[in-house]
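# A structural walkthrough
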Amino acid sequence: MIPYVRQFDFTYGRRDQVSPLIQRVIADNPGPFTFTGTGTYIVGRDMPGARVAVIDPGPEDEAHLHALLRAVKGRTVSHILVTHTHRDHAPLSRALAEAVGGAPILAAKPHGPTVHASDAIDQAAMDEDDDADFKADIILSDGDRIEGDGWTLEAMATPGHASNHMAFVLREENALFSGDHVMGWSTTVVAPPDGDMTAYMDSLERVLARGFSTLWPTHGPAITQVAPFLKAYRHHRLEREAQIMARLAAGDETIAEMVPALYAAVDPRLWPAASLSVLAHLIALVDRGLVAATPQPVLEARYRIL
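Residues numbered from 1 in each chain as written. Predicted model: local features only at pLDDT ≥ 70, side-chain atom pairs only at ≥ 80, totals over all residues. Heavy atoms only, no water.

The residue P221 is located in the loop between β12 (214-217) and α4 (226-249) in this model. It is 33 Å that separates the C-alpha atoms of P221 and L299, two residues lying 78 residues apart in sequence. Setting aside its immediate chain neighbours within four residues, P221 contacts V5, R6, Q7, F8, R24 and F35. (Helix = DSSP H or I, 4+ residues; strand = E, 2+ residues; numbered from the N terminus. Contact = heavy atoms within 4.5 Å.)

Turning our eyes to something else, we now look at the packing of aromatic side chains. For the coordinates displayed, the defined rule picks out six aromatic pairs. On the numbers, 5.0 Å between centres and 20° between planes, the contact of F8 with F10 is stacked. Considering the side-chain rings of F229 and Y233, the 5.2 Å spacing of their centres and the 35° angle between planes classify their relative orientation as tilted. Linking F229 with Y233, this pair stays in helix α4, spanning four residues, or about one helical turn. Residue classification places F229 among the buried residues on the basis of a relative accessible area of 2%. One aromatic cluster is present, built from ring pairs that chain together F8, F10 and Y12. The ring of Y4 carries R6 above its face, with NZ or CZ at 4.2 Å from the centroid. (Phe/Tyr/Trp six-rings, centres within 6.5 Å; stacked < 30°, edge-to-face > 60°. Buried < 20%, exposed > 50% of the residue type's maximum accessible area, 1.4 Å probe, protein only. Lys NZ or Arg CZ within 6 Å of the ring centre and 35° of its normal.)

Of the pairings in the sheet, the one linking strand β1 (residues 16-19) to strand β2 (residues 22-26) comprises three bridges and is antiparallel in character. Counted as the bridge partner of S19 is I22 from β2. (Pairing = 2+ DSSP bridges.)

The next subject is unusual backbone geometry. A cis amide bond links P192 with the next residue in sequence, P193, at an omega value of 5°. Looking at where P193 falls in the secondary structure, it is placed in the loop between β11 (175-179) and α3 (197-210). Positive phi outside glycine occurs at F35, with the angle close to 60°. Here F35 is to be found in the loop between β2 and β3 (39-43). Look at N174: it is not a glycine, yet its phi comes out positive at around 50°.

So, about the layout of surface pockets. When its volume is computed, the largest pocket comes out at roughly 800 Å³. What lines the largest pocket is a set of 32 residues, among which Y4, T187, H236, R240 and V266 lie closest to the centre. With seven residues, the single largest contributor to the lining of the largest pocket is α4. Residues of the lining of the largest pocket, tallied by class, amount to 16 nonpolar, nine polar and seven charged. (1 Å grid on protein atoms, 1.4 Å probe; cavity = no way out; pocket = protein on both sides within 12 Å on 5 of 7 lines; lining within 4 Å. Points joined across faces, edges and corners; volume = space filled by probe spheres on them. Nonpolar A, V, L, I, M, F, W, Y, C, P; charged D, E, K, R; others polar.)

Taken together, the seven strands give an open sheet; going across it, the order is β1-β2-β3-β4-β5-β6-β7, and neighbouring strands pair in mixed fashion. Whereas interior strands pair on both sides, the edge strands pair on one side only; in this sheet they are β1 and β7 (138-140). Strand-to-strand, the axes of this sheet are offset by a mean angle of 30°, without reference to chain direction. Where strand β4 (residues 51-55) meets strand β5 (residues 76-81), five bridges bridge the pair, whose relative direction is parallel. Within β5, the residue paired with V52 across the bridge is V77. Helix-sheet contacts for helix α1 (residues 62-72) involve β2, β3, β4 and β5, and the interaxial angle to β2 is about 160°. (Axes fitted to C-alpha atoms, helices over the stretch in contact; angles between N-to-C directions.)

As structure tokens, this is what we get:
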């Protein structure tokens, strides 16, 4: 079982000091895919004139913008970093940059032109819709470093949830801002074609190998028992793969047949996302030569074990 962490103290719009170098302000955009809402992080010293970085400004929300401006008042925002371009993370970036005097926006290179798996899935309702208007001022690559007053952030490529997902290492606290790659309250949506299960599992191994002390997801509380949590996360994905193979062996041929059985205990509002995660697993199984898809591995295909 994944040792989920879901309880934490917060108030929308309030700036909370959550570590010596980190403050957090949570946007009022709760939902089945955002949990309590988008947690925007401010990295740097809480002292007048200090240079700080802002991670994941969040959705277009005037109240959240004003809350962030109050939170950084008296300090200089030197960088605005975005983990990925989904609309609950990126859209407020430009308005915030303009409001603080033109801080550069940094993110990974854009993903390819095809993001959505199928018109049958309402990705906008899942908060997995992409911010088509987002444009970074500086494109980050894996290993790039950004420095401020007493802090150093390292870009860490973590594709899987999105092909352009970038986590950020706070070296002074051995912490990782994990975006949506790892969340304490839930497993992560991996939605093809932009989401990729093989890439996701590889990224998960990479995060585990770094030995972080704390993970700070964009949604929900910090994860402090990092290694056990990541191992349980990994086990869950491998177990889900085995369950999909078992459903195929039992005679299921379509994702629509599998999801109600595999996710019987899950809120049905999450089943569209679950369908995409099952598709991501099946694409990986097809790529490994374990499963065949007719005509090709898409949501509406028929699958069988080879």
